[in-house]
Every structure is written in structure tokens, then in C-alpha cells.
Amino acid sequence: MTGSMEAATPPTKCTHCHQPMRSPVFCQNCRVINPVPPDTDYFTIFGLPRRYQLDEKELHKRFLNLTRDVHPDRFATSAPETINVTMRLAAQVNEAHEVLKDPVLRAEYLLQQAGGKRPSEEKGAPGGMLAEVMELREQIEEAVSRDDRTALEELRRRVNDMHAEVQETVASLAEAVADQPEAEDLQELRAYLNGIKYVRNLQDLLSDKV
Amino acid sequence: MAYSDKVVDHFNNPRNVGSLDKNDPNVGTGIVGAPECGDVMKLQIQVDDDNRVVDAKFKTFGCGSAIASSSLATEWIRDKTLDEVMEIKNTDIVRELSLPPVKIHCSVLAEDAIKAAVADLKRKQAARPHEKAKEAQPAG
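Here's a quick rundown of the structure. (Residues numbered from 1 in each chain as written. Chains lettered and ligands numbered in written order. Predicted model: local features only at pLDDT ≥ 70, side-chain atom pairs only at ≥ 80, totals over all residues. Heavy atoms only, no water.)

## Brief notes about the packing of aromatic side chains
All names here are of chain A. For clarity, the threshold we go by: Ring geometry is summarised as follows: Phe, Tyr and Trp rings, the Trp one being its six-membered ring, pair when their centres sit within 6.5 Å, and such pairs are stacked at plane angles under 30 degrees, edge-to-face over 60 and tilted between the two. Numbering of helices and strands starts at the N terminus; helices are DSSP runs of H or I of at least 4 residues and strands are runs of E of at least 2. Only protein chains enter the calculation, and the probe is 1.4 Å; a residue is then buried if its accessible area is under 20% of its type maximum, exposed if over 50%, and partly exposed in between. Charge over a ring is defined by NZ of Lys or CZ of Arg lying within 6 Å of the ring centre and within 35 degrees of the ring normal.
Applying the stated rule across the entire model yields 2 aromatic pairs over all chains. Taking the centre distance of 4.2 Å and the plane angle of 10° together, the rings of Y42 and Y109 count as stacked. Of the two residues, Y42 sits in helix α2 (residues 42-45) while Y109 sits in helix α5 (residues 103-113), which places them 67 residues apart along the sequence. Considered together, Y42 and Y109 belong to a single accessibility category, that of buried residues. Seen in terms of ring centroids, F43 and Y109 are 6.3 Å apart; in terms of plane orientation they differ by 35°. Their pairing is tilted. Linking F43 in helix α2 with Y109 in helix α5, this pair joins segments that are 66 residues apart in sequence. No difference in accessibility class separates F43 from Y109, as the two residues are buried. Taken together, the ring pairs connect Y42, F43 and Y109 into an aromatic cluster. When the ring centre of Y52 is taken as origin, the NZ or CZ atom of R106, which lies over that ring, is 4.6 Å away.

Below you can see the structure in the form of C-alpha cells.
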């Protein structure tokens, strides 16, 4: 698994000036853009380690720099092929950023990269979670019908705690999957990512009501 | 996207909304979810001594099609034996409600909920070996 991933990694040195590159799509030294395969790893695009934990400020900084560096407007006078490449790269950088900046999408990405299943293929949620979500929904419904603000506030606290807990489990599982994907971790991460969707729906429901 | 008249009818007048006592030995509870959209569905069945469904209730938090699918499911499973209940397919629900392709997963959810409720009931029954043995004996 790791072998094939390394094989797909684009060069880390500029093919033009042979200087090390932070991002494989743009050389800061000779300011040359470098087309990379469409399936280039999102972390690699930003020159970040393939880990779940990431410095969000650093990601944002690199995103802004890259967006500026490969912006098609900067190449307005270049050959049409070059402009096409920059447009493709800009889209790739955008997509990678959208996924990596969101903790859930980032975990989902690591799961898919490691060969995990999609939610439609494996629908299970962690044991007991659906029943708990169902009960919370019923309690929210009741509190809304009584217009019980105190109860809703309490329910919101419970749901937020639940979200934090699931998020923590997702983080540790995603880290394990990024490091060394074991079948068991893949399955469990799938279940928790399924689960977090229900909890987020509860949060949305509460933010509408409270 | 327009809902069919039957979906709208079930959505506006859902049949059998509510809960049964999940601790009742004759009640089976199925709670299922669709992780793609976050819909959650609870379907409960109550059987008599001949394993015929005498009551069915549901609670669904989801879109109109999910509500209609589970509402229709509770109507269909009433007065059926568990074996007959297990024969209900999501495609039957799709046909009855004229669900469009993007809403087929709602009918799948309803079928899963029926199966989960039956499985829960059978688990409960299996945990009562005494009565089970009595039932298994030929009459007379």
C-alpha cells in the first residue's frame, strides 16, 4: 500500500532548476509551474505530511501562496497550454484545500485513500449510537413542543459533548489509518464517520430551534 | 423535485406514528439510518402468540420520501406473519410511492428497518428458550 503511494508521489525536486520544491506544483526558486497527475495526493500538493493532525494555519498560508503562484491571471500572456495547466492546477489546489481544511472530509479522504468503504457500501454506525440519536431527536421534539428553553439548552450541551467525543475517536482512528491502515481501523473509522453525520444533523436541528 | 400524490398523502397524514414499549417481549424494534443524508428511522412491530403482526409504529426523522416509505411499511406489515413481513421488498415501496431514483435509498431504509425489527424480535424470542420449546411441540 505504502509502496504504491510512494510510486505515485510527484518529484520533490524541480524538473527545471533541480532545486527542492515545497509543493510539487510550483517551484518558488525558478517560479515554474509543474503539472501533476490529477490523482496527486492532497497533502503532497501542499507539501504537508500525510497525517490527520495538521496545522490549519499553515495549510491556509500554503493555500493562499499556491493559489497566488499558480493563478491563471499571472500567466495571461503565456502559451494557451500553460494557461490550461494553471487552470487545472488552481482547481486541484482548491479541491485539496476544501477537503483538508474540514476535519471530517479530511478523515473521509484518508479513509478512501486507504481503500475504505463508502457510506453507501457500509452503513453501520457505532453500537448504540443510532438509538441514542433517535432518543435525542424525540427529546428535542418534545422540548420544542413545550417551548422548554432550559431543556433545549441542556440537550444542546449533550449533543455538543457527543460530537466532541465522536470527533476525538475519528481523529485517533484517522491518524491510525493514515499511518498504517488495518482492516479493523478502516471499518471502525467508517462507522464513526457515518455516526458523526447523525450527530451533526442533531446540531443543525438544535441551531434552528435554540 | 415533485413528490407523488401518495408520498404527499403519507407525509401529510402519516399512518401509525408513535412508539411501542421496546421492553415488551412481543415487540421488536428496528432503528436504522442512512449515513449519506443522516436520516434516522425507528420501526416497531408487535406480534401475537402466532407471530402475526398486530401493531406497528414508526418514527422517522428525514425527508418526505423516508417518512412516506416508513408510513407505508407500517400499513403493509400489519396483520401479516413474520415470514410474510420479511418478503416485503424496497422495490415494492418504490413502485407504490413512485419514488424517483434519488429517493430509492429511502425505501431501502424502510426495508432495513422492517428486517431490523424482525431480527430484534427473534433475538428476544430466542432468549426465551422455555416458551420456544413449548411452541415447537406439535399440537395435541
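## Examining the interface of chain B and chain A
Filter applied, for reference: Any two residues whose heavy atoms approach within 4.5 Å are treated as being in contact. A simple way to read buried area is as the amount of 1.4 Å-probe accessible surface that goes missing from two parts once joined, with both sides added. Whenever Lys or Arg places a side-chain nitrogen within 4 Å of a carboxyl oxygen from Asp or Glu, that contact is recorded as a salt bridge. Counting of polar contacts relies on pairs of N or O atoms within 3.5 Å, with two restrictions inside protein: one atom must be capable of donating a hydrogen and the other of accepting it, and residues adjacent in sequence are counted only when both atoms are side-chain atoms.
Listed as interface residues are 17 residues of chain B and, on the opposing side, 14 residues of chain A. A buried area of about 1,400 Å², summed over both sides, lies between chain B and chain A, and 67% of it is on carbon and sulfur atoms. Residue K42 of chain B is joined to E138 of chain A by a salt bridge in which the shortest nitrogen-to-oxygen separation is 3.1 Å. Our enumeration of links across chain B and chain A arrives at 6 residue pairs in polar contact (both at pLDDT 80 or more).

## Examining the pairing of strand β3 (residues 53-61) of chain B
All names here are of chain B. Short version of the rule: Strand pairing is assigned whenever DSSP identifies at least 2 bridges connecting the two strands.
Taking burial as the measure, the 9 residues of β3 include 7 buried ones, the bulk of the element. Here strand β2 (residues 39-47) runs beside β3; their pairing, made up of 8 bridges, is antiparallel. Each bridged residue has a counterpart across the sheet, and for V40 the counterpart in β3 is F61. Counted along the chain from β2 to the antiparallel partner β3, the turn is 5 residues long, and its residue N51 has a positive phi close to 60°.

## Considerations on the environment of V32 of chain B
Looking at the secondary structure, you find V32 of chain B in strand β1 (residues 27-34). On the accessibility criterion, V32 of chain B (11% relative accessible area) is buried. For the pair V32 of chain B and A110 of chain B, spaced 78 residues apart in sequence, the C-alpha to C-alpha distance is 8.4 Å. With sequence-adjacent residues up to four places away left out, V32 of chain B is seen in contact with L130 of chain A together with D39, V40, M41, L109, D112, A113 and A116 of chain B.

## Details of unusual backbone geometry
Phi at D147 of chain A is positive, roughly 55°, even though this residue is not glycine. Structurally, the position occupied by D147 of chain A is in the loop between α6 (129-146) and α7 (149-179). The class of D147 of chain A is exposed, set by a relative accessible area of 52%. One non-glycine residue, N51 of chain B, lies in the positive phi region at around 60°. By the secondary structure assignment, N51 of chain B is in the loop between β2 and β3.

Everything listed here is a matter of geometry and, on its own, says nothing about what the molecule does.
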